[in-house]
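One letter stands for each residue in the lines below.
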Amino acid sequence: MLNPRSLTLPIAKPLLPDLAMISPYIRQIDESRGYSNRGPLVRCLEDRLSAHFGFESQAVMTAASGTMALIGAIMGAAGIARPDRPLCFCPAMTFVASAAAAQVCGYAPHFVDVAPESWCLDPVRLRRHPELSKVGLVLVVAPYGRLPQFSAWQSFMDETGIPVVIDGAACFDMIGDMAPSLPERIPIALSFHATKAFGCGEGGAILARDRVVLEACFRSLNHGFLGDRIALTLGVNGKMSEYHAAVALAELDGWAGKFDRLRGVARRYRAEHARCDFKAELFVHGDISSTYALLTFPTQDETLSAMHRLRSSGIEARYWYGQGVHRQPAFAARSTDQLDVTEDLIGRLLGLPFFVDMSDGEIGRVYACLTQEVPMQDPPIRDARNEAWALTETVAS
Ligand SMILES: *Cc1c(COP(=O)(O)O)cnc(C)c1O
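Sequence positions are assigned chain by chain, starting from 1 and proceeding in written order. Totals for whole chains, interfaces and linings use all residues, but because this is a predicted model, local features are given only for residues with pLDDT of at least 70 and pairs of side-chain atoms are given and counted only at 80 or more. Side-chain measures here rest on the full set of heavy atoms in the structure, leaving out hydrogens and waters.

A. Local environment of the confidence of the model for the protein. Model confidence for the protein is summarised by a mean pLDDT of 92, while 92% of its residues fall at 70 or above. In this model residues 377–386 is a low-confidence stretch, pLDDT under 50, and it forms 14 contacts with partners more than four residues away in sequence or in other chains. The predictor reports its confidence for every residue as pLDDT, a score running from 0 up to 100. Contact between two residues is taken to exist if any of their heavy atoms lie within 4.5 Å; hydrogens are not considered.

The structure is reproduced here in structure tokens:
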């Protein structure tokens with residue numbers, strides 16, 4: 001196994017609000033003695049988030065995690081899978097939680113390819129897919145926070161009648177205040193995991209402009225209850241606690257400053273990249289969420305060798321989505337299309353270290369290593385190498 005101490009520059013270093021920022025909210029919990037079941041802090045957070053995104057009325061519902069938000073959004077918008085439409089179209093170029101959420105709701109994930117430019121599923125192509133009549137859900141993922149085309153997906157849903165849910169786990173900072181242009185009846189699930197740009201430890205939220213959809217999502221994360229204790233629909237407990245809401249409120253208080261700093265790191269990455277006259281392409285905020293820096297080379301071999309070079313200098317680099325969900329053992333038996341674009345992209349998008357207080361020196365160190373101004377560390381960390389191979393060997397092949 002990789003010895004974490006050998007990696008001196010980690011891929012992520014989450015920074016959430018400190019005690020001083022959280023404590024006023026914790027004091028409110030002490031006073032209200034509300035700890036759960038959508039207490040005052042959760043409701044305050046939902047109102048403030050609705051305003052943050054530019055909604056005119058409440059359109060945000062919190063959840064215990066991004067995965068729970070996804071499950072709530074699926075159950076609310078599509079319900080659990082029906083026998084006549086058991087399939088869920090979803091991409092393989094995503095975090096494993098996307099397909100897992102669909103499967104937990106009874107759907108059989110069927111992996112479909114993404115489009116090379118958008119990295120997202122293609123609604124025009126999927127409309128002609130031979131399996132479409134068996135599909136009960138399309139799970140569109142915003143990979144690395146890259147937003148899908150909302151209006152095209154709303155049209156897809158209107159024309160096919162197939163419910164669509166967007167896994168926008170990494171989209172908090174990409175959505176900004178564009179709420180009015182979000183799709184009318186498609187819910188979007190966000191993650192507030194510590195590694196995301198906006199975090200509260202573990203948490204998430206569903207954005208839904210349609211009141212009926214939002215209530216159905218809420219019911220599904222509240223045991224099927226809505227205002228009473230009668231479970232009309234199947235539900236789970238996916239609610240956010242008051243404690244997590246306290247952290248999220250403090251994070252929202254400091255968000256403008258944090259977002260500025262994140263964008264500053266992205267800008268400095270761009271500048272360093274430009275200075276190095278490097279043949280690889282860099283994606284940072286502007287293209288993707290401000291929690292990632294992605295380097296892409298023309299070939300998978302070059303990408304893999306960059307990863308090894310970084311790792312052997314103690315710099316963590318990661319294929320954030322591994323080799324694709326279809327290669328995860330838990331999903332290996334699932335049906336899949338030819339995934340040419342996915343297979344290509346997934347071995348060429350390499351995550352570089354990115355965090356809010358990353359220094360110029362640290363960014364410089366990444367590029368010095370990539371451009372080989374720094375000699376390879378001797379002896380190279382053999383375990384790290386082995387792990388890198390274990391992580392990536394089928395990508396290279
Ligand atoms: C982070 C992430 C999730 C999972 O969110 P959690 O809060 O960790 O449950 C799901 N999908 C994508 C694309 C993600 O990036």
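B. Molecular detail of helix α3 (residues 66–77). Runs of E in the DSSP output that reach at least two residues are strands. Runs of H or I that reach at least four are helices, and both are numbered from the N terminus. A helix is expected to span 1.5 Å for every residue after the first. The end-to-end C-alpha separation of α3 is 16 Å, in line with the 16 Å expected for 12 residues at 1.5 Å each. Across the 12 residues that make up α3, a large majority, nine, are buried. Along α3, the positions that sit buried rather than exposed are Gly66, Ala69, Leu70, Ile71, Gly72, Ala73, Ile74, Met75 and Gly76. Under the rule applied, a polar contact is a pair of N or O atoms within 3.5 Å (in protein, one hydrogen donor and one hydrogen acceptor; residues adjacent in sequence only if both atoms are side-chain atoms). Measuring from the backbone nitrogen of Thr67 back to the side-chain oxygen at the start of α3 gives 3.3 Å, which picks out Ser65 as the cap. The positive-phi residue at the C-terminal boundary of α3 is Gly79, with phi of around 75°. For every residue, the accessible area obtained with a 1.4 Å probe (protein chains only) is divided by the maximum for its type, and the residue is called buried under 20%, exposed over 50%, and partly exposed between those limits.

C. Representation of the packing of aromatic side chains within the structure. Only Phe, Tyr and Trp rings are paired, with Trp represented by its six-membered ring, and only when their centres lie within 6.5 Å; those with planes under 30 degrees apart are stacked, over 60 edge-to-face, the remainder tilted. Going through the model one piece at a time under the given rule, you end up with 20 aromatic pairs. On the basis of an interplanar angle of 65° and a centroid distance of 5.3 Å, the ring pair of Phe53 and Phe172 is categorised as edge-to-face. Taken as a pair, Phe53 in helix α2 (residues 40–53) and Phe172 in helix α7 (residues 172–175) lie far apart in primary sequence, 119 residues in all. Residue Phe53 is classed as buried on the basis of its relative accessible area of 0%. With a relative accessible area of 3%, Phe172 lands in the buried category. Each ring, one from Tyr269 and one from Phe354, has its centre 5.9 Å from the other, and the planes form 15°; the classification is stacked. In this pair, Tyr269 sits in helix α10 (residues 255–275) while Phe354 sits in the loop between β11 (349–352) and α13 (360–370), placing the two residues 85 residues apart along the sequence. With a relative accessible area of 0%, Tyr269 lands in the buried category. Judged by its relative accessible area of 2%, Phe354 is buried.

D. Region of interest: the sheet that holds strand β8 (residues 281–283). Any two strands with at least two DSSP-identified bridges between them are counted as paired. Here three strands make up an open sheet; going across it, the order is β8-β9-β11 and the pairing antiparallel. Strands with a single pairing partner mark the edges of an open sheet, and in this sheet they are β8 and β11. The mean angle between the axes of side-by-side strands here comes to 30°, regardless of whether they run parallel or antiparallel. Only the contacting stretch of a helix is used when fitting its axis, a line to C-alpha atoms as for every element, and angles between N-to-C directions run 0 to 180 degrees. With respect to the sheet, α10 is in contact with β8, β9 (293–296) and β11, its orientation differing from that of β8 by roughly 175°.

E. Examining the layout of surface pockets more closely. In this analysis a 1.4 Å probe is tested at points of a 1 Å grid over the protein atoms alone, and where it fits but cannot get out there is a cavity; an open set with protein on both sides within 12 Å along at least five of seven lines is a pocket; lining residues have an atom within 4 Å of a point. Grid points are joined across faces, edges and corners, and a volume is the space filled by probe spheres set on the points. Taken as a whole, the largest pocket holds about 470 Å³ of empty space. Lining the largest pocket are 24 residues, and of these Phe95, Ala97, Ala169, Ser191 and Lys196 sit closest to its centre. Put simply, the parts of the chain that give the lining of the largest pocket at least two residues each are α3, α4 (96–104) and β6 (188–191). Counting residues per element, the lining of the largest pocket draws most heavily on α3, which supplies three residues. Classification used: nonpolar for Ala, Val, Leu, Ile, Met, Phe, Trp, Tyr, Cys and Pro, charged for Asp, Glu, Lys and Arg, polar for all others including Gly. Of the residues contributing to the lining of the largest pocket, the split by class is 11 nonpolar, nine polar and four charged.

F. The environment of Pro14, seen in detail. Mapped onto the secondary structure, Pro14 falls in the segment before α1 (19–32). Sequence separation of Pro14 and Thr195 is 181 residues, and the distance between their C-alpha atoms is 5.6 Å. Beyond its immediate sequence surroundings of up to four residues, Pro14 is in contact with Ala194 and Thr195.

G. Seen up close, empty space enclosed by the protein. According to the stated counting rule, one finds three cavities of 30 Å³ or more in the structure shown. Taken as a whole, the largest cavity holds about 130 Å³ of empty space. Along the walls of the largest cavity sit 17 residues, with Pro14, Thr195, Lys196, Thr291 and Phe355 positioned nearest its centre. Among the residues forming the lining of the largest cavity, the class breakdown is 11 nonpolar, three polar and three charged. If you add up the space inside the second largest cavity, you get close to 50 Å³. Together, Arg38, Val42, Glu46, Met61, Thr62, Phe218, Lys239 and Met240 line the second largest cavity. Among the elements of the structure, α2 and β1 (60–63) are those that each provide at least two residues to the lining of the second largest cavity. By residue class, the composition of the lining of the second largest cavity is four nonpolar, one polar and three charged.

H. Up close: the site of the ligand. To be near a molecule or strand, a residue needs just one of its heavy atoms within 4 Å of it. Among the 13 residues in the neighbourhood of the ligand, the closest are listed as Gly66, Thr67, Asp167, Ser191 and Lys196. Between an oxygen atom of the ligand and a side-chain N or O atom of Ser191, the distance comes to 2.7 Å. Within the side chain of Lys196, an N or O atom sits 3.1 Å from an oxygen atom of the ligand. Each accessible area value is a Shrake-Rupley result obtained with a 1.4 Å probe; residue values ignore everything except the protein chains displayed when judging cover. For the ligand, whose accessible area on its own is 380 Å², the fraction buried by protein is 92%. To be counted as sitting in a cavity or pocket, a molecule needs more than half of its atoms within 2 Å of that site's grid points. If you map the ligand onto the pockets, it falls in the largest pocket. Along the lines of polarity and charge, the residues of the shell around the ligand split into three nonpolar, eight polar and two charged.

I. Structural detail: the sheet that holds strand β3 (residues 108–112). If you trace the eight strands from one edge of the open sheet to the other, you get β1-β7-β6-β5-β4-β2-β3-β10, paired in mixed fashion. Taken across any chain shown, the strands that pair with only one partner, and hence form the sheet edges, are β1 and β10 (335–336). In this sheet, strand β4 (residues 135–141) lies alongside strand β2 (residues 87–91) in parallel orientation, the contact comprising three bridges. Bridging across to β4, Cys88 finds its partner in Leu137. Here α4 sits on the sheet and contacts β2, β3, β4 and β5 (164–167); the angle it forms with β4, its principal contact strand, is near 155°.

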